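What follows is the residue order along each chain.
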Amino acid sequence: MAEALIVGSPVAGRVVAMHDVPDPVFAQSIVGPGLAVDPDTGPGATPGTEPGGRVVAPCAGTVVKLHAHAFVLLAPPAAGASEPAAGRGVLVHLGIDTVQLQGEGFTLLVAEGDAVEAGQELVRWSPSAVADGGRSPLVPVVALDLGPGGLEEPARPGAVVSAGDPCSASPDARGLGRPVRLTAPRVGAWCVAWCSTSGRR
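Residues numbered from 1 in each chain as written. Predicted model: local features only at pLDDT ≥ 70, side-chain atom pairs only at ≥ 80, totals over all residues. Heavy atoms only, no water.

1. Thoughts on the pattern of salt bridges
In plain terms, the rule: For salt bridges, the criterion is a side-chain nitrogen of Lys or Arg within 4 Å of an Asp or Glu carboxyl oxygen. Helix numbers and strand numbers start at the N terminus; a helix is a DSSP run of H or I with at least 4 residues, a strand a run of E with at least 2. For every residue, the accessible area obtained with a 1.4 Å probe (protein chains only) is divided by the maximum for its type, and the residue is called buried under 20%, exposed over 50%, and partly exposed between those limits.
A full pass over the atoms with the stated rule returns three salt bridges. In this structure, the salt-bridge partner of Glu-112 is Lys-65, at a minimum N-O distance of 4.0 Å. Of this pair, Glu-112 sits in the loop between strand E8 (107–108) and strand E9 (115–116) while Lys-65 sits in strand E5 (residues 61–66), placing them 47 residues apart in sequence. Among the residues examined, Lys-65 registers a relative accessible area of 17% and is labelled buried. Residues participating in the shared-partner salt-bridge network are Arg-54, Glu-121 and Arg-124.

Structure below.
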């Protein structure tokens, strides 16, 4: 069995079940299973200073696709993988229909092709500004190309997480769930192409 990939939360907030995301592509797990995070906008915080406005890498890997509103990380292949070049893809999408913003309100801190560490800050944005514009600020985190049943021990809906938290081992005072474990073999080219389509999501 492939070694599990532990995926952390890219933003601070509260875990939401994927089927509750207001977009059928995510809600129906068309591109893969996962979960979403409702970003913490911080009581009284001004746009751009919210705790959920800091976006970090959910795992170590290479940024294989980067847009202002979404990115795909290709994590290193599992130990003993049959294909040395294979990796495991994780898609993070900042808000729903945020492609319509054409990058406004997003600050990219890395470039496509960069190797990043888990917890490294990649993007800054304002989830409250997205919500004020009538769009959902939910952040889907998707295991690309992973079939049904491939997602082990996802964090439970309602768990409160900080950016970089591994949705962590045993419950604590904040209600964290178990780690998100992905055993996806690699990211499919069609998923990367889907993420790069400017008119979608």
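Once you've had a look at it, read on.
2. Some remarks on the packing of aromatic side chains
How we decide: Each Phe, Tyr or Trp ring, with Trp reduced to its six-membered ring, pairs with another whose centre is within 6.5 Å; inter-plane angles below 30 degrees give stacked pairs, above 60 give edge-to-face pairs, and intermediate values give tilted ones.
Counting across every chain of the model gives one aromatic pair. Considering the side-chain rings of Phe-106 and Trp-125, the 5.9 Å spacing of their centres and the 15 degrees angle between planes classify their relative orientation as stacked. Note that Phe-106 is positioned in the loop between strand E7 (88–93) and E8 and Trp-125 in the loop between strand E10 (121–124) and helix H2 (127–132), a separation of 19 residues in sequence. Taken as a pair, Phe-106 and Trp-125 share a single burial class, namely buried.

3. Section: the confidence of the model for the chain
Any segment with low pLDDT has predicted coordinates that should not be analysed in fine detail. How we decide: Note on scores: pLDDT gives the predictor's confidence for each residue, bounded by 0 and 100. Any two residues whose heavy atoms approach within 4.5 Å at even a single point are treated as in contact.
Looking at the chain, the pLDDT average stands at 78 and 71% of residues meet or exceed 70. Here helix H3 (residues 189–195) stands out as the element of the chain with the lowest mean pLDDT, 37, in contrast to E9, whose mean of 97 is the highest. Every residue in residues 168–200 scores below 50 in pLDDT, and together they form 119 contacts with partners more than four places removed in sequence or on other chains.

4. Thoughts on unusual backbone geometry
With the exception of glycine, most residues fall at negative phi, and the peptide bonds are largely trans. Here the phi dihedral of Asp-97 falls at roughly 65 degrees; this positive angle occurs in a residue that is not glycine. Within the secondary structure, Asp-97 sits in the loop between E7 and E8. Despite not being glycine, Gln-102 shows a phi value in the positive range, around 55 degrees. Topologically, Gln-102 is positioned in the loop between E7 and E8. The class of Gln-102 is exposed, set by a relative accessible area of 74%.

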